[in-house]
Amino acid sequence: MKFKLIYPKWTKLDRQTEFHLPPHGPVVFAATLPDFVDVHFTDENLEEIDFDDPVDFVGISMMLTIQVKRGWEIADLYRKKGVKVIFGGIATMLHAEETMTHADAVFLGEAEGRMEQVLEDFRQNTLRPRYDFIDDRPDIALVGPARRDILNRKLYNHKGVQMVDLVHASRGCRFNCYPCAVSYLGGRHFRPRPIDKAVAEMAGIDNNRLFIVDNSLAQDTKWEMELFREMVPLKKKWCSHPIEDKPEVLDLAAQAGAWYVYQAVFDTSDYIKERIRRYHDHGIGVEGTILLGLDDHTEDFIKRLIDFLLEIELDLAEFTVLTPFPHTKAWTDLSRENRILSRDWNEYSADKVVYQPKHMSPERLQELLDYAWSTFYRDEPQHIKMAKLFKQVVMKEMADNSFKPRDRSLSGRTFGREAIREDMRGTKEDGR
Ligand code: SF4
């Protein structure tokens, strides 16, 4: 059975340097498909979809709300040709009802152990419009190594340097932050994969640089430390979401190859200042993820926050505005207060104001978003800050001789600032 798996394109953050990482959702999903399925993957961000290519069944994998309208368009085109289409992925779960009107089936939840039945239904022509396993999560031990073989690796190189590979060691999150849908999507319970399986998968990835995409590693100290301990011999270099703020955990993370973290900076407290310093003391870089427009954010607060980010010497910062994605508390509250101004999902890019902020006009918040990017990168542009962060990983790799000569720019041709700057453009996750 020829199964075409499509990852719809979307427009990247306006002020963010554009680069493309290999997507994770589709390769994790592909690992759940039975052997008789011949998977052909298209990442529409990098390749045109060949609608004339004959296929038996189409799957559309959507991670972000800004992918959904394009996903629906693609499905409509295939269905007009008589090809059946199934949707899955995080954004399908957030937009299930609407997506069903463009689909033969939607798959909601985690796919491990479920796809044999779905494909059997397809073969018997008894596909159900909705496979809903949101509250019936499979055993996490069923998660196998992602099918990275379906990716066209050449596309994820930037000037000869391979992008980081994405991998996950756990699902779920015990926190329940205001703007986040993870508690709906993955549950409030932290669900770690068996460490030996997660580490074996990392070891098997033909790339020295990884992005561990777990929601937050700071969930369970014992697990986190054991994971890092097992990762030390791999000598991989990796970025991740937050690491727990304990000296013994940070020590082990550094030994395990922690390169940099994405850390939310939400106030100007001494706690945040010290938290960032402790990462830096352990040789771990920090990219701040800065969300503007919460109900306690005045114009003065936002300006003070940007000054603070410069003062604490964040390595990088990514600024977004509060966006009320469906199934978040932000969505519930702002809907109830009649403050949502647009339900055009193409506007839900996190760099467009789609709601009425509490202390200013939407236009003013939009201007302050621009002010944040411009002010933070005023004295040292983004590409220079990125180059510095990139240099850190090169130094770490050189220190343990783990860098790969296939990185053309590092193997002789050039190793100057230009090369680092160009290469670094691809080392961060797209979107949020
Ligand atoms: S923002 Fe991060 S820590 Fe908070 S609920 Fe979402 S995934 Fe968990």
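Being a predicted model, the structure only gives us computed values, none of them experimental.

**Considerations on the site of the ligand**
Moving on, step 1. All residues in the neighbourhood of the ligand are listed as Cys173, Phe175, Asn176, Cys177, Cys180, Val182 and Asn215.
Moving on, step 2. When its residues are assigned to classes, the shell around the ligand shows five nonpolar, two polar and no charged.

**Considering the sheet that holds strand E9 (residues 165–167)**
Moving on, step 1. Ordered by their spatial adjacency, six strands build an open sheet running E9-E12-E13-E14-E15-E16, and the pairing between neighbours is parallel. Each edge of the sheet is formed by a strand with only one pairing partner; in this case those strands are E9 and strand E16 (316–321). Adjacent strand axes in the sheet meet at a mean angle of 20°, parallel and antiparallel pairs treated alike.
Moving on, step 2. As paired elements, E9 and strand E12 (residues 209–212) share three bridges and run parallel to each other. Along E12, the bridge assignment pairs Leu166 with Phe211.
Moving on, step 3. Relative to E16, helix H13 (residues 362–376) is tilted by about 175°, and along the sheet it contacts strand E15 (285–292) and E16.

**Describing the packing of helix H8 (residues 221–231) against helix H9 (residues 247–255)**
Helix-helix packing is described using two parameters, namely the angle between the two axes and the distance between the axes.
Moving on, step 1. Interaxial distance between H8 and H9 falls to 8 Å at its minimum, and their mutual angle equals 25°. The pairing of H8 with H9 is recorded here as roughly parallel in orientation. The chirality of how H8 crosses H9 is left-handed. Facing Thr221, Glu224, Met225, Phe228 and Arg229 of H8, the residues of H9 in contact are Glu248, Val249, Leu252 and Ala253.
Moving on, step 2. Among the residues forming the contact of H8 with H9, the class breakdown is five nonpolar, one polar and three charged.

**Considering the environment of Tyr348**
Moving on, step 1. Within the secondary structure, Tyr348 sits in the loop between helix H12 (329–336) and H13.
Moving on, step 2. Classification of Tyr348 as buried rests on a relative accessible area of 0%.
Moving on, step 3. Of note is the side chain of Tyr348, whose polar atom sits 2.6 Å from the backbone oxygen of Ser342.

**Some remarks on unusual backbone geometry**
Moving on, step 1. With a phi angle near 70°, His327 is a residue other than glycine that sits in the positive phi range.
Moving on, step 2. With respect to the helices and strands, the residue His327 is situated in the loop between E16 and H12.
Moving on, step 3. With a relative accessible area of 38%, His327 lands in the partly exposed category.
Moving on, step 4. If you check the backbone angles, Asn338 has positive phi at about 60° while not being a glycine.
Moving on, step 5. Note that Asn338 resides in the loop between H12 and H13.
Moving on, step 6. In this structure Asn338 comes out as exposed when scored by relative accessible area, which is 70%.

**Points about the domain arrangement of the protein chain**
Moving on, step 1. When cut into domains, the protein chain gives domain 1 (2–133) and domain 2 (149–424).
Moving on, step 2. Each of domain 1 and domain 2 has a C-alpha centre, and the two are 26 Å apart.
Moving on, step 3. Contact residues are listed per partner, giving 33 residues for domain 1 and 37 residues for domain 2.
Moving on, step 4. Of the roughly 3100 Å² buried where domain 1 meets domain 2, counting both sides, 63% is carbon and sulfur surface.
Moving on, step 5. Across the contact surface, domain 1 and domain 2 share four salt bridges.
Moving on, step 6. For Asp344, the salt bridge identified is with Lys69, shortest N-O distance 2.9 Å.
Moving on, step 7. Where domain 1 packs against domain 2, one counts eight residue pairs in polar contact (both at pLDDT 80 or more).
Moving on, step 8. Contributions of two or more residues to the side of domain 1 that touches domain 2 are made by helix H1 (25–30), strand E2 (38–43), helix H2 (68–80) and helix H3 (90–94).
Moving on, step 9. The dominant element in the side of domain 1 that touches domain 2, judged by the number of residues it contributes, is H1, at four residues.
Moving on, step 10. Of the residues assigned to the side of domain 1 that touches domain 2, the class counts are 19 nonpolar, six polar and eight charged.

**Observations concerning the packing of helix H11 (residues 299–311) against H13**
Moving on, step 1. Axis separation between H11 and H13 bottoms out at 10 Å; the angle between their running directions is 15°. Classified by the angle their axes make, H11 and H13 are roughly parallel. Note on packing geometry: the crossing formed by H11 with H13 is right-handed. Together, Glu299, Ile302, Lys303, Ile306, Leu309 and Leu310 of H11 and Arg364, Leu365, Leu368, Tyr371, Ala372, Thr375 and Phe376 of H13 make up the contact between the two elements.
Moving on, step 2. Across the contact of H11 with H13, the residue classes break down as nine nonpolar, one polar and three charged.

Rules behind the numbers
Numbering of residues begins from 1 in every chain and follows the order in which that chain's sequence is written. Thresholds applied to this predicted model are a pLDDT of at least 70 for local features of residues and 80 or more for the giving and counting of side-chain atom pairs; totals over whole chains, interfaces and linings are not thresholded and use all residues. Excluded from the side-chain calculation are hydrogens and water; included are all heavy atoms of the structure. A molecule or strand has a residue near it when one of that residue's heavy atoms lies within 4 Å. Only Asp, Glu, Lys and Arg are considered charged in this grouping, and only Ala, Val, Leu, Ile, Met, Phe, Trp, Tyr, Cys and Pro are considered nonpolar; every other residue, Gly among them, is considered polar. Two strands form a pair only when DSSP identifies at least two bridges running between them. For the purposes of this entry, the term helix denotes a DSSP run of H or I that reaches at least four residues, the term strand denotes a run of E that reaches at least two, and both are numbered from the N terminus. Whenever a helix is involved, its axis is fitted only over the stretch in contact; in every case the axis is a line through C-alpha atoms, and angles between N-to-C directions fall within 0 to 180 degrees. Contacts were defined at the residue level, with two residues in contact if any of their heavy atoms lie within 4.5 Å. Relative orientations are named as follows: roughly parallel for angles under 35 degrees, roughly antiparallel for angles over 145 degrees, roughly perpendicular for angles from 65 to 115 degrees, and oblique for any other angle. Here a crossing is taken to be left-handed if its near helix is turned anticlockwise relative to the far helix by less than a right angle, and right-handed if that turn runs clockwise. Burial status follows relative accessibility: with a 1.4 Å probe on protein chains alone, a residue under 20% of its type maximum counts as buried, one over 50% as exposed, and anything between as partly exposed. Polar contacts, as counted here, are pairs of nitrogen or oxygen atoms within 3.5 Å of one another; within protein the pair requires one atom able to donate a hydrogen and one able to accept it, and residues that are adjacent in sequence qualify only if both atoms are side-chain atoms. How far each domain reaches was decided by an automatic or database domain assignment. Defined in terms of a 1.4 Å probe, buried area is the accessible area two parts forfeit on being brought together, summed over both. Salt bridge, as used here: a side-chain nitrogen of Lys or Arg that lies within 4 Å of a carboxyl oxygen of Asp or Glu.

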